[in-house]
Amino acid sequence: MSLRLSTAWVFLGLGCLASAYPSGDANDFNIYEHLGNLSPYFVPSNTPESLKSGAPPTCTVDKAFLVHRHGSRSPLSDEVQVIQNLSSYISDNRALFSSPQTTVPGEFAFLVAKSWASTFVTNDLSPIGRQQLFDHGVALRLGYPQLYTDQALVGNQDRVVESAVWFMDGYYGRSANTSATRNLIKEDEQTVSWITPMDTCDSWSYSYGGSAVAAWGTVYLPPIMKRINGLLAEVFPGVNFTATHVHGMLYACAYGTAVYGKDSSPWCPIFLPQEILMHEYEYDLLMRNAFGYGLPGNMGPVLGSMLVANLTDFMLQSAQNLSLNFGHDTTIDMGLAALGLAFDDKYLVGGPVDPNRSWRTARQVPFAAQMLWRGLSCGCGKKRTKRIQLLLNEANFDLSPVGCKSDAYGTCGLTDFLAADRVQAARNTTFGDVNWATACAA
């Protein structure tokens, strides 16, 4: 069951932000598809929606290269601190919240009932995350019985390793430990890895995304704070939730869902659809500015070039027909940037927010995201040709922005794809060369 938020509210206090999204039927809004890269896994529509689904007629899948994000997890250390700040404020003011002076709005009744306090730990894969990966492993085995490998490349971080374990349990069954090998690759500043290429880029900094998030927060959080405090002013006289508290509420919604499942967090229903959409943009800004087109110069495409090089090398060889790789949302986003996919001409930190923007982290890299590249053999008899297709979270994704001519299913001829300027640039970039040095010079 998915939580649907009413759009019948009047968006007081949001000023010009409200005009970015028209109101609509309450049933049209699914909050769980708008939590950015903290969204639970879902299958989006094709990109663009006009694409046909599946593979073209006469095409069979000969190869597959999978880049899989880890599953749903607990908050990161900086995020859990924001949630704990909120929890502490509520605990320190228990007398206030236990003595409402008038009728409590239904969505805030849990404050009176003392039914919420932060119990989040950090980083751990959640039961939801374990299930996501197991299910995806089963689905891949059933969906592509003609493909097989006994090797997997795994970023050596706990939640990534555990995700790979659960995926492989689903794919290989009880013999997973003896049927396949997990090849761990370190995630540090000394190890060159296409799973985490930013770690070996001297001038890369997470602050490229963090500063954008901070700037956007000053725009969208205060109006939400004002609405909530105004709504509760007569109920709890003296209530004073800050913008940081509101941020904690939004995190508590997203991570309550990630850890305990949909409809489990009491914080999700307190927000208007408009407010969730503003919060979604925060995640988009973070990922685009730290791991995509918002990085300075050509850094984003250069970092993603490693993924493209490994993908194309795999498509050109004939020894293996399946490649399993486990990493992060950042891994996938940098790969998209290297290929010119999900690109927007403008992406303003201070708004206004474009509701039709291409870079959408919820659609691209929800928890347990799957970037599946398929090598297709198409045609009949001796006239069979090779094509390449991207399924991003099981939805067809048009490859024409790469620079090749795509068909109604978004696929390109493999030869045309390999000849595209962006692909050539990626294949001609290696760690430490002039392209890398220019992008990553400290």
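On a predicted model such as this, the values are computed, not experimentally measured, just so you know.

S.K.: Just to check I follow, could you spell out the pairing of strand 1 (residues 60-69) for this structure?
M.R.: Sheet faces and side chains relate simply in a regular strand, where the side chains alternate between the two faces. With eight of its ten residues buried, strand 1 lies for the most part within the structure. Here strand 1 pairs with strand 5 (residues 370-378) via eight bridges, running antiparallel. By the bridge assignment, Thr60 is partnered in strand 5 with Ser377. Here strand 1 pairs with strand 4 (residues 322-327) via six bridges, running parallel.

S.K.: Can you help me understand the environment of Asp416 in this one?
M.R.: Along the chain, Asp416 falls in helix 13 (residues 414-419). Between the C-alpha atom of Asp416 and that of Arg427, which follows or precedes it by eleven residues, the distance is 14 Å.

S.K.: Whenever I open this one, the packing of helix 4 (residues 127-143) against helix 5 (residues 158-172) confuses me. Can you help?
M.R.: Helix packing for two helices is described by the angle between their axes and how far apart those axes are. Viewed as axis vectors pointing N to C, helix 4 and helix 5 meet at an angle of 40°, and their least axial separation amounts to 7 Å. Seen from above, helix 4 lies across helix 5 with right-handed handedness. Listed contacts from helix 5 to Arg130, Leu133, Phe134, His136, Gly137, Val138, Leu140 and Arg141 of helix 4 are Glu162, Ser163, Trp166, Phe167, Asp169, Gly170, Tyr171 and Tyr172. Residues that form the contact of helix 4 with helix 5 fall into these classes: eight nonpolar, four polar and four charged.

S.K.: Looking at this structure, how should I read the side chain of Ser163?
M.R.: Take Ser163: it is sitting in helix 5. A residue is classified by how much of its surface remains accessible, and Ser163, at 1% relative accessible area, is buried. Those residues in contact with Ser163 that sit more than four places away from it in its chain are His70, Gly71, Leu125 and Leu133.

S.K.: Explain the pattern of salt bridges here, please?
M.R.: Side-chain pairs of opposite charge can arise where the charged atoms are in close proximity. If you walk through the whole model with that rule in mind, you get nine salt bridges. In this structure, Asp62 engages Lys386 in a salt bridge whose closest nitrogen and oxygen atoms are separated by 3.2 Å. Taken together, the positions of Asp62 in strand 1 and Lys386 in strand 6 (residues 385-392) put the pair 324 residues apart, joining distant regions of the chain. For the salt bridge of Glu280 with Arg360, the shortest nitrogen-to-oxygen distance reads 3.3 Å.

S.K.: I tried to follow the state of the cysteines on my own but got confused; where do I start?
M.R.: When the sulfur atoms of two cysteines share a covalent bond, that bond is a disulfide. Scanning the entire structure with this criterion turns up four disulfides. Shown here is the disulfide that connects Cys253 with Cys268, its sulfur atoms set 2.1 Å apart. Measuring the twist about the S-S bond at about 100°, one finds the Cys253-Cys268 disulfide to be right-handed. Note that Cys253 is positioned in helix 8 (residues 243-260) and Cys268 in the loop between helix 8 and helix 9 (273-291), a separation of 15 residues in sequence.

S.K.: Where do I start with the packing of aromatic side chains in this structure?
M.R.: Two aromatic rings, taken as a pair, are described by how far apart their centres are and by the angle between their planes. A complete count under the given rule lists 24 aromatic pairs for this structure. Ring pairing ties together the aromatic residues Tyr148, Phe167, Tyr171, Tyr172 and Phe326, which thus form one cluster. A cation over an aromatic ring shows up here: Arg141 above the ring of Tyr171, its NZ or CZ 4.8 Å from the ring centre.

Criteria and cut-off values
Think of each chain on its own: its residues are numbered from 1, step by step along the sequence as written. Two thresholds apply to this predicted model, a pLDDT of at least 70 for residue-level local features and 80 or more for giving and counting side-chain atom pairs, whereas whole-chain, interface and lining totals are computed over all residues. Only hydrogens and water are set aside when side-chain values are computed; all heavy atoms of the structure are taken into account. Three exposure classes are used, based on accessible area relative to the maximum for each residue type with a 1.4 Å probe and protein chains only: buried under 20%, partly exposed in between, and exposed over 50%. Think of it this way: any DSSP run of H or I at least four residues long counts as a helix, any run of E at least two long counts as a strand, and we number them from the N terminus. A pair of strands is considered paired only if DSSP assigns at least 2 bridges between the two. The angle between two axes is taken between their N-to-C directions and runs from 0 to 180 degrees, where each axis is a line fitted to C-alpha atoms and a helix contributes only its stretch in contact. Left-handed describes a crossing whose near helix is turned anticlockwise from the far helix through less than a right angle; right-handed describes the clockwise counterpart. Residues are treated as being in contact if the distance between any of their heavy atoms lies within 4.5 Å. For this classification, Asp, Glu, Lys and Arg are treated as charged, while Ala, Val, Leu, Ile, Met, Phe, Trp, Tyr, Cys and Pro are nonpolar and the rest, including Gly, are polar. Any Lys or Arg side-chain nitrogen found within 4 Å of a carboxyl oxygen on Asp or Glu counts as a salt bridge. Our working definition of a disulfide is a cysteine sulfur pair at a distance within 2.5 Å. We call Phe, Tyr and Trp rings a pair once their centres come within 6.5 Å, taking the six-membered ring for Trp, and we label the pair stacked below 30 degrees between planes, edge-to-face above 60, and tilted otherwise. Remark: a charge is flagged as sitting over a ring if the NZ atom of Lys or the CZ atom of Arg is within 6 Å of the ring centre and within 35 degrees of the ring normal.

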